[in-house]
Number of protein chains: 2
Amino acid sequence: MKSSARKNATTTTGKPGSKVTLGMVAEACGVSPSTVSRILNGTAVVSQEKREAVDRAIAELGFIPNPIARGLAGGRTLSVGVVTQAIDSPFYGVALRGIEEELSPAGYSPLFVSGHWNAQEEQRCIDVLRSRRVDGIIVLTGRLSDEALRKLAKELPVVVTGRSLKASGLYALDFNDFEGARLATHHLLSQGHRQIAFIAGDPVHPDAQERLRGYRAALEAAGVPYKPSLVLPGKFHEESGLMAVERLIDSREPFTAIFAANDQMAFGASLALHRRGLRVPEDVSLVGFDDLAGAAHSLPPLTTIHQAAHELGRLAAQALLQLLAGQKPSGKLPEPRLIVRSSTRPLK
Amino acid sequence: MKSSARKNATTTTGKPGSKVTLGMVAEACGVSPSTVSRILNGTAVVSQEKREAVDRAIAELGFIPNPIARGLAGGRTLSVGVVTQAIDSPFYGVALRGIEEELSPAGYSPLFVSGHWNAQEEQRCIDVLRSRRVDGIIVLTGRLSDEALRKLAKELPVVVTGRSLKASGLYALDFNDFEGARLATHHLLSQGHRQIAFIAGDPVHPDAQERLRGYRAALEAAGVPYKPSLVLPGKFHEESGLMAVERLIDSREPFTAIFAANDQMAFGASLALHRRGLRVPEDVSLVGFDDLAGAAHSLPPLTTIHQAAHELGRLAAQALLQLLAGQKPSGKLPEPRLIVRSSTRPLK
DNA sequence: TTGTAGGCGTTATCAC
DNA sequence: GTGATAACGCCTACAA
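Residues numbered from 1 in each chain as written. Chains lettered and ligands numbered in written order. Predicted model: local features only at pLDDT ≥ 70, side-chain atom pairs only at ≥ 80, totals over all residues. Heavy atoms only, no water.

- If you look chain A up in an unreviewed UniProt entry, it shows as LacI family DNA-binding transcriptional regulator from Paucibacter sediminis.

## Notes on the overall build of chain A
Point 1. Counting its secondary structure elements, chain A contains twelve helices and eleven strands.
Point 2. Per-residue burial for chain A yields a buried fraction of 54% across its 348 residues.
Point 3. In chain A, once contacts between residues fewer than 6 apart in sequence are set aside, the share between residues at least 24 apart is 68%.
Point 4. Separation of charge centres in chain A, based on 41 positive and 35 negative side chains, amounts to 4 Å. (Helix = DSSP H or I, 4+ residues; strand = E, 2+ residues; numbered from the N terminus. Buried < 20%, exposed > 50% of the residue type's maximum accessible area, 1.4 Å probe, protein only. Contact = heavy atoms within 4.5 Å. Lys, Arg positive; Asp, Glu negative; His and termini not counted. Charge placed at Lys NZ, Arg CZ, Asp CG, Glu CD.)

## Digging into the layout of surface pockets
Point 1. Its boundaries defined by the atoms lining it, the second largest pocket holds a volume of some 840 Å³.
Point 2. Along the wall of the second largest pocket there are 34 residues; nearest its centre are A:Leu72, A:Arg133, B:Asn66, B:Ile68 and B:Ala69.
Point 3. For the lining of the second largest pocket, the secondary-structure elements that each account for two or more residues are helix H4 (67-74) of chain A together with helix H1 (22-28), helix H2 (33-41) and helix H4 (67-74) of chain B.
Point 4. The dominant element in the lining of the second largest pocket, judged by the number of residues it contributes, is H4(B), at six residues.
Point 5. When its residues are assigned to classes, the lining of the second largest pocket shows 13 nonpolar, twelve polar and nine charged. (1 Å grid on protein atoms, 1.4 Å probe; cavity = no way out; pocket = protein on both sides within 12 Å on 5 of 7 lines; lining within 4 Å. Points joined across faces, edges and corners; volume = space filled by probe spheres on them. Nonpolar A, V, L, I, M, F, W, Y, C, P; charged D, E, K, R; others polar.)

## A word on the pattern of salt bridges
Point 1. Counted under the stated rule, the structure contains 36 salt bridges over all chains.
Point 2. The residue A:Lys235 makes a salt bridge to A:Asp202 at a minimum N-O spacing of 3.6 Å. With A:Lys235 in the loop between strand S7 (231-232) and helix H10 (238-250) and A:Asp202 in the loop between strand S6 (196-199) and helix H9 (206-221), this residue pair connects regions lying 33 residues apart in the sequence.
Point 3. Put simply, B:Asp283 and B:Arg279 hold a salt bridge, and the shortest N to O gap is 3.1 Å.
Point 4. Overlapping salt bridges, with partners in common, bring together A:Asp88, B:Arg97, B:Glu101, B:Glu102 and B:Arg314 in one network. (Salt bridge = Lys/Arg side-chain N within 4 Å of Asp/Glu carboxyl O.)

## Comments concerning the relation of the copies chain B and chain A
Point 1. Superposing chain B onto chain A takes a rotation of 179° combined with a translation of 0.2 Å along the rotation axis, leaving an RMSD of 0.4 Å. In symmetry terms, the pair is related by a two-fold rotation axis.
Point 2. Most of the interface of chain B is mirrored in chain A, where 96% of its interface residues are also at the interface. (Least-squares fit on C-alpha atoms with pLDDT ≥ 70 in both.)

## Focus on the protein's contact with DNA strand C
Point 1. By nearness alone, 23 residues border DNA strand C, and A:Ser34, A:Thr35, A:Arg38, B:Leu22 and B:Ala73 come closest of all.
Point 2. A breakdown of the atoms of DNA strand C within 4 Å of the protein gives sugar and phosphate a share of 69%.
Point 3. A:Arg38 places a side-chain nitrogen or oxygen 2.6 Å from a base nitrogen of DNA strand C.
Point 4. At 2.8 Å from a phosphate oxygen of DNA strand C is found a side-chain nitrogen or oxygen belonging to B:Ser37.
Point 5. For the surface near DNA strand C, the elements supplying multiple residues, two or more each, are helix H2 (33-41) and H4 of chain A together with H2 and H4 of chain B.
Point 6. If you tally residues by element for the surface near DNA strand C, the top one is H4(B), at four residues.
Point 7. Tallied by class, the residues present in the surface near DNA strand C amount to eleven nonpolar, nine polar and three charged. (Near = heavy atom within 4 Å. Polar contact = N/O pair within 3.5 Å; in protein donor to acceptor, adjacent residues only side chain to side chain.)

## A word on the UniProt feature "domain: HTH lacI-type" (unreviewed entry) in chain A
Point 1. The positions UniProt marks with the feature "domain: HTH lacI-type" (unreviewed entry) are residues 20-74 of chain A.
Point 2. Split by type, residues 20-74 of chain A is 69% helix and 0% strand. Its first and last C-alpha atoms lie 20 Å apart. (UniProt positions renumbered as here; feature names shortened; annotations may be inferred.)

## Here's the deal with the nonpolar core
Point 1. Of all hydrophobic cores here, the largest spans 90 residues; its most connected members are A:Ile258, A:Phe259, B:Ile258 and B:Phe259.
Point 2. The residues contacting A:Ile258, other than those within four sequence positions of it, are A:Leu188, A:Ala197, A:Ile199, A:Val245, A:Leu248, A:Leu273, A:Val284, A:Ser285, A:Leu286 and A:Val287. (Core = buried A, V, L, I, M, F, W, Y, C linked by side-chain atoms within 4.5 Å.)

## Topic: the packing of aromatic side chains
All names here are of chain B.
Point 1. Summed over all chains, the structure comprises 13 aromatic pairs over all chains.
Point 2. Ring centres of Phe198 and Phe259 lie 5.2 Å apart, and the angle between their planes is 45°; on these two criteria the pair is classed as tilted. Linking Phe198 in strand S6 (residues 196-199) with Phe259 in strand S8 (residues 257-260), this pair joins segments that are 61 residues apart in sequence. Per residue, the accessibility class of Phe198 equals that of Phe259, and both read buried. (Phe/Tyr/Trp six-rings, centres within 6.5 Å; stacked < 30°, edge-to-face > 60°.)

## Considerations on the domain arrangement of chain A
Point 1. Taken domain by domain, chain A consists of domain 1 (5-72), domain 2 (77-175 + 309-334) and domain 3 (177-306).
Point 2. Here the C-alpha centre of domain 2 of chain A lies 34 Å away from the C-alpha centre of domain 1 of chain A. (Domains from an automatic or database assignment.)

## Topic: the environment of B:Glu210
Residue and element names in this part refer to chain B.
Point 1. Tracing the chain through its elements places Glu210 in helix H9 (residues 206-221).
Point 2. Residue classification places Glu210 among the partly exposed positions, given a relative accessible area of 30%.
Point 3. Measuring from C-alpha to C-alpha, the distance between Glu210 and Gly162 comes to 10 Å, with 48 residues separating the pair along the chain.
Point 4. Each residue touching Glu210, except ones within four places of it in the same chain, is listed here: Asp177 and Phe178.

## Regarding unusual backbone geometry
Point 1. Between A:Leu299 and A:Pro300 the backbone carries a cis peptide bond, its omega angle lying at -10°.
Point 2. Following the sequence through the fold, A:Pro300 ends up in the loop between strand S9 (285-287) and strand S10 (304-306).
Point 3. The backbone of B:Arg133 sits at a positive phi, close to 60°, despite the residue not being glycine.
Point 4. One non-glycine residue, B:Phe236, lies in positive phi territory at about 75°.
Point 5. Inspection of the secondary structure puts B:Phe236 in the loop between strand S7 (231-232) and helix H10 (238-250).

## Side note on the side chain of B:Thr84
Residue and element names in this part refer to chain B.
Point 1. Note that Thr84 resides in strand S1 (residues 79-84).
Point 2. Thr84 sits in the buried class, given a relative accessible area of 0%.
Point 3. Apart from the residues lying within four places of it in its own chain, the contact partners of Thr84 are Tyr92, Leu96, Val113, Ser114, Gly115, His116 and Leu140.

## What about the pairing of strand S1 (residues 79-84) of chain A?
Where a strand is regular, its side chains alternate between the two sheet faces.
All names here are of chain A.
Point 1. Buried residues dominate S1, accounting for six of its six residues.
Point 2. Burial of the side chains of S1 extends over both faces: Ser79, Gly81 and Val83 are buried on one face and Val80, Val82 and Thr84 on the other.
Point 3. In the sheet, S1 pairs with strand S2 (residues 109-114) via six bridges, with the strands oriented parallel. Bridging across to S2, Val83 finds its partner in Val113. (Pairing = 2+ DSSP bridges.)

## Overview of the confidence of the model for chain A
Point 1. Averaged over every residue, the pLDDT of chain A is 91; the share at 70 or more is 95%.
Point 2. A low-confidence stretch, residues 1-17 of chain A (pLDDT under 50), is modelled with 22 contacts involving residues beyond four sequence positions or located in other chains. (pLDDT = per-residue confidence, 0-100.)

## Some words on the protein's contact with DNA strand D
Point 1. Around DNA strand D lies a shell of 24 residues, among which A:Leu22, B:Ser34, B:Thr35, B:Arg38 and B:Ser47 are the nearest.
Point 2. Atoms of DNA strand D within 4 Å of the protein belong to the sugar or the phosphate in 70% of instances, the rest to bases.
Point 3. B:Ser47 has a polar backbone atom sitting 2.8 Å from a phosphate oxygen of DNA strand D.
Point 4. Side-chain polar atom of B:Lys50 to a phosphate oxygen of DNA strand D: 3.5 Å apart, as the coordinates give it.
Point 5. At the level of secondary structure, the elements contributing two or more residues to the surface near DNA strand D comprise helix H1 (22-28), H2 and H4 of chain A together with H2 and H4 of chain B.
Point 6. Element by element, the count of residues in the surface near DNA strand D is highest for H4(A), at four residues.
Point 7. Its residues placed into classes, the surface near DNA strand D shows eleven nonpolar, nine polar and four charged.

The structure is reproduced here in structure tokens:
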């Protein structure tokens, strides 16, 4: 039962996967490549004996099918592209894990690319993914136009998060940023706060705008006038939260609570307050958004809006898998929840 | 200058990258595929006029070369595998970004897979990468045996971090965990602390063991006896740091400082201390390890050991690129640095 | 049930 | 300089 491959002078002795091809397996047990292919893919019925011989040869030679060639021939690559914005984002990182967990058992490999919140770069990412012939694409939020996504979906199954959008071949998983921000603001209002500062996110992020809307809506519902001077621009990272609070304090605009459009800015805000001698929550109540892993262990533990990032990833991957299988996805993201910890308290 | 592809009935009007092939470009301007290929790869000199015609056709048709086919034909895929341990690790995430930044401009795409600190899973990851015919592999730390890596390096260029190892086709980027831990411990000792607790990491991580060694070495150098009762097991995440401190306090073992084997555990420790009414740094000094993005903005800002994660990623990618180009990498990681912030102070 | 003959999109090796 | 032609490893008709 020795391999007798002509082309390869190698002795092909169980060197797992080195360069063993389907053809070599076929030759090794005297059948045609098609037969081996059929066995591998269950494309047709093959006699018991040949099947066994081939299985044995596969094991002995340590043959691993080459997805590349498979892709070229069959038009599938068993890989899906994932457009994330920053591979090291604490929030989306968790979603990536969810995607990986869901895709892996299905035999698909994710191909991660980063768009850096820049429509042009995102488009380039998508070109890369297409050139690599991914079977489908997951777009985590980002700034591509709805139009661009619709067009993309005509070529490939697409799942997009962070917006609601309908088109054939496309499934959108929207998370309710508006409601989350409304909940956070409402929580502060219900504790008697009226002068609630808002540290906004970068307005180029779609999320940021929704969160601002939610903040305003809650104020309005409570009959509290919206004051632009209480809204500070931020960039979604710690340092920007810190600077926003410094500016706020310097402006002498009175406030008793702060709602930061994400946890990272809340952490920065917390440090700025501390530096200025203000305690959380005794002097100022603070609410974040996202419920990052660190929020529960910050000092004080941060009251925040829980976003199901991990679930987001899983659902996105599931939806894509369903699209790929010709089914209609139906998963929905859970609504954002308020997680009350220790950074807020009723206004005295 | 209209396309006149026979096989494709499509009108191929600038639909970027849809399914335009090299052959179609060739046909569009009446040259052979080889010529187009040569122009694309600079494999040989081509006449000015043909080059221009082809360039124009490429632009007009929106042709994007297919790396898949390229890989099949040329034995290269322009993709490199990256074995990380958890795609959402706050520390390694930054390294992934570094890798991406370095690989992208070189035309390579990273293929990220997660081994979850499990040698078996890591091996499976590597099989996946090999089956996808990556041109090289970067292994971020992990638990594979040196032997397995050596074997792998015989087939592919390999760059591995977190260990020192020599073999042809392999480049190791070791970071000095020992020295980092020694520095951290020494810092506390130099401030007069003698009862220094150590929250260890999961001993299955190679890093964890080195950091424990560094801690012990510093104690020894200062003539402070090593007390096993001051060493608490941890798991590298916040919650384990929190529980370690609770156990420590419950044990009634006196201590004036804590060195946590990573920042996440330090954050958890900080919260536990707070809950038990102990202030940082007034009552207890605290040092972390890694210098995560959040460390500078925690309360109080955490004194820690800076690990150049981003640099780690860049260097690893550079080294692999050099290996791929047949050169000998020589990059070295900067030594760990102590970053003194506000969580430590001299013992009264 | 099985084998043969393309073809997928590109590159490498020849001749010309 | 340039163009055929044959791989690359697999899959899918089609034929036997």
